[in-house]
Amino acid sequence: MNDTRIWHLVEVIKTGDWKEKLSASEELVAAGSAEVVDNLIPLLKEHNREVRNAAALALIEIGDTKAVSPLLEAIELADEPTDQAALIYALKSLDCSSQFLRVFTMAIAKNEETKAAAQDILFGLGFGPKTEDIARARDILDDARSQILLGDYLILRNYLNNM
């Protein structure tokens, strides 16, 4: 796919209706090149949630780990908890092992959707974080103990103890 076509499809994601956004997203996924990923990542910072979600959906399908950190940044900047959950869903198909602490922090979030999605990533991917990251996660969890549900605390503590 040439740069002009990529640019056009990115513009459709920015300005089209939801059906057009999805169609453009699907065409970009079919190309799946590094150039496509590089053009989708900036869309994660758009204020329009449909633009962010269309970009995130395409990034899920492409599966390039280059999108992990930008997706986490978009999640952290999202205004609405439902926006966070939609974006974090995109991380489920990507290797987040290099961002263990950021994902772990989201697993103790107040928003149930964000928390559940982050916990799914932690429990489902089976990656082994560094020993120092596990120790830091224990500290984060202990610091948040009074602010989270006891059940969440026990589940995450057990998870860390089994690492």
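Residues numbered from 1 in each chain as written. Predicted model: local features only at pLDDT ≥ 70, side-chain atom pairs only at ≥ 80, totals over all residues. Heavy atoms only, no water.

K.L.:
When you look at the pattern of salt bridges in this model, what are you seeing that I'm missing?
P.N.:
In total, this model carries 8 salt bridges according to the counting rule given. Two residues, Asp 152 and Lys 115, come together in a salt bridge whose shortest N-O distance is 2.5 Å. Within this pair, whereas Asp 152 is found in helix 10 (residues 150-161), its partner Lys 115 is found in helix 8 (residues 112-125), the two being separated by 37 residues in sequence. By relative accessible area, which is 12% here, Asp 152 ends up buried. When salt bridges that share partners are traced, they join Glu 112, Lys 115 and Asp 152 into one network. (Salt bridge = Lys/Arg side-chain N within 4 Å of Asp/Glu carboxyl O. Helix = DSSP H or I, 4+ residues; strand = E, 2+ residues; numbered from the N terminus. Buried < 20%, exposed > 50% of the residue type's maximum accessible area, 1.4 Å probe, protein only.)

K.L.:
What am I meant to see in the side chain of Thr 114 here?
P.N.:
Here Thr 114 lies in helix 8. In this view, Thr 114 contacts Pro 81, Gln 84, Ala 85, Ile 88, Met 106 and Ala 109; residues no more than four positions away in its chain are not counted. (Contact = heavy atoms within 4.5 Å.)

K.L.:
What exactly am I supposed to notice about the nonpolar core here?
P.N.:
As a rule of thumb, soluble globular proteins bury nonpolar side chains together. Counting residues in each nonpolar core, the largest one holds 54 residues, and the members touching the most others are Leu 40, Leu 71, Leu 91 and Phe 104. Top contributing element to this core by residue count: helix 4 (residues 49-62), with 8 residues. With residues near it in sequence (within four places) discarded, Leu 71 still touches Leu 44, Ala 56, Leu 87, Ala 90, Leu 91 and Leu 94. (Core = buried A, V, L, I, M, F, W, Y, C linked by side-chain atoms within 4.5 Å.)

K.L.:
What exactly am I supposed to notice about the packing of helix 4 against helix 6 (residues 81-91) here?
P.N.:
How two helices sit against one another is set out by the angle between their axes and by the gap between those axes. Between helix 4 and helix 6, whose axes approach to 8 Å, the crossing angle comes to 15 degrees. Viewed along their axes, helix 4 and helix 6 adopt a mutual orientation that is roughly parallel. Handedness of the crossing formed by helix 4 with helix 6: left-handed. Between helix 4, through Arg 49, Arg 52, Asn 53, Ala 56 and Ile 60, and helix 6, the contact on the second element is made entirely by Asp 83, Ala 86, Leu 87, Tyr 89 and Ala 90. Looking at the contact of helix 4 with helix 6, its residues break down into 6 nonpolar, 1 polar and 3 charged. (Axes fitted to C-alpha atoms, helices over the stretch in contact; angles between N-to-C directions. Parallel < 35°, antiparallel > 145°, perpendicular 65-115°, else oblique. Left-handed = near helix turned anticlockwise from the far one by under 90°. Nonpolar A, V, L, I, M, F, W, Y, C, P; charged D, E, K, R; others polar.)

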